[in-house]
Amino acid sequence: MTANESKTIVLAAGAAATLTTTGAAAEAASVDEFIAKIKSADDKVRGPAWQGAAPYGAAAIKPLAEVMADPNPEIARSARRAIEVIVRHAGRPGAKKEAQAVEKELIPLLKSELVTVRREALWTLSEIGGDEAVAPMAALLTDVEAREDARCALLRIPGRKSSAALKSAFGQAPEEFKYALADALRIRGEKVDGYPSRKLVPVKPTSVGQPKTS
């Protein structure tokens with residue numbers, strides 16, 4: 001390699017690094033502008049923003065989750081809707097890498113202090129998550145505020161790993177939650193004795209009077 005060739009490669013690498021840095025900065029600025037629109041009190045600004053959230057992808061998941069704590073319920077709801085738009089877009093056929101990037105951003109939200117964020121993470125992961133999401137989701141089967149969401153969300157993820165997570169949770173669950181887990185396991189083809197479906201148990205006693213005779 002000549003000195004000129006070496007110099008050309010170094011310059012090209014420097015230019016590529018500059019472009020990468022510039023691109024990352026531009027992306028961050030774009031997400032910031034998007035979040036500002038989501039936080040707008042004007043629904044004519046906020047509505048089109050969440051409806052057009054798809055292109056912002058994984059980079060917008062964390063800041064949107066933070067906005068879900070906004071005291072204005074309409075703003076919080078718009079942030080939640082934007083996450084759902086991003087997830088469904090990333091879950092389209094042929095976008096595996098995009099889906100994995102979004103999944104990676106959703107998993108940490110399962111540890112959020114805000115129960116609405118934990119529940120949203122569970123349900124969106126049920127649409128886009130794979131085996132990597134199962135264990136973090138299953139951890140919420142012990143969360144009283146989110147365990148039913150976790151149970152239902154795990155049922156939407158096919159495979160042995162999610163079935164095993166439900167089975168493991170059943171063995172350690174409090175009695176009142178074992179009935180729901182038993183239902184989930186039966187859906188997965190497991191036989192569970194001693195915990196019949198609560199749907200089959202009458203909630204109120206009934207009595208039928210004898211017809212009066214004249």
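Our subject is the structure listed above.
Described below are features of the structure shown in this document. (Residues numbered from 1 in each chain as written. Predicted model: local features only at pLDDT ≥ 70, side-chain atom pairs only at ≥ 80, totals over all residues. Heavy atoms only, no water.)

1. What to know about the packing of aromatic side chains
Rule in force here: Stacked, tilted and edge-to-face are the three classes assigned to paired rings of Phe, Tyr and Trp, where Trp is represented by its six-membered ring and a pair needs centres within 6.5 Å; plane angles under 30 degrees give stacked, over 60 edge-to-face, the rest tilted. Secondary structure elements are taken from DSSP: a helix is a run of H or I of four residues or more, a strand is a run of E of two residues or more, and numbering for both begins at the N terminus. Partly exposed describes any residue whose relative accessible area lies between the buried limit of under 20% and the exposed limit of over 50%, with all areas from a 1.4 Å probe on protein chains only and scaled to the type maximum.
The final tally for this structure, using the stated rule, is 3 aromatic pairs. Seen from their ring centres, Tyr-179 and Tyr-195 are 5.1 Å apart, and the 70° between their planes marks the pair as edge-to-face. Pair noted here: Tyr-179 is in helix α10 (residues 175–187) and Tyr-195 is in the segment after α10, with a separation of 16 residues, a long-range link. Judged by its relative accessible area of 14%, Tyr-195 falls in the buried class.

2. Quick notes on helix α2 (residues 43–51)
Convention followed: Directions from the helix axis toward the C-beta atoms define the arc. Polar contact criterion, stated in full: a pair of N or O atoms within 3.5 Å, where within protein one must be able to donate a hydrogen and the other to accept it, and residues adjacent in sequence count only if both atoms are side-chain atoms.
Buried within α2 we find Arg-46, Gly-47, Ala-49 and Trp-50. Down the axis of α2, the sector holding all buried residues measures 165°, keeping them to one side. Away from its buried face, by an angle of more than 90 degrees, α2 presents the exposed residues Lys-44 and Gln-51. The backbone nitrogen of Lys-44 has a side-chain oxygen 2.9 Å away, supplied by the residue at the start of α2, namely Asp-42.

3. A short note on the pattern of salt bridges
The condition is simple: We count a salt bridge whenever a side-chain nitrogen from Lys or Arg sits within 4 Å of a carboxyl oxygen from Asp or Glu.
Taken as a whole and assessed by the stated rule, the structure comprises 12 salt bridges. Across the pair Glu-145 and Arg-118 runs a salt bridge, and its minimum N-O distance is 2.9 Å. Here Glu-145 is found in the loop between α7 (131–138) and α8 (147–155), whereas its partner Arg-118 is found in helix α6 (residues 115–128), with 27 residues between them in sequence. What makes Glu-145 partly exposed here is its relative accessible area of 47%.

4. A word on the side chain of Glu-103
Operational definition: Positive charges come from Lys and Arg, negative ones from Asp and Glu, while His and the chain ends are left out of the count.
Mapped onto the fold, Glu-103 is located in helix α5 (residues 96–106). Among buried Asp, Glu, Lys and Arg side chains, Glu-103 stands out as unpaired, with Lys-161 the closest opposite charge at 9.2 Å.

5. With respect to the nonpolar core
Filter applied, for reference: Remark: nonpolar core denotes a set of buried residues (Ala, Val, Leu, Ile, Met, Phe, Trp, Tyr, Cys) joined through side-chain atoms within 4.5 Å. The contact rule is simple, with two residues in contact once any of their heavy atoms fall within 4.5 Å.
Grouped together as the largest cluster of nonpolar side chains are 55 residues, with contacts concentrated most on Phe-34, Ile-38, Leu-64, Val-102, Leu-106, Met-137 and Leu-141. Examining the composition of this core, we find that 7 residues originate from one element, helix α4 (residues 73–90), more than from any other. Each residue touching Leu-64, except ones within four places of it in the same chain, is listed here: Phe-34, Ile-35, Ile-38, Ala-79, Ala-82, Ile-83 and Ile-86.

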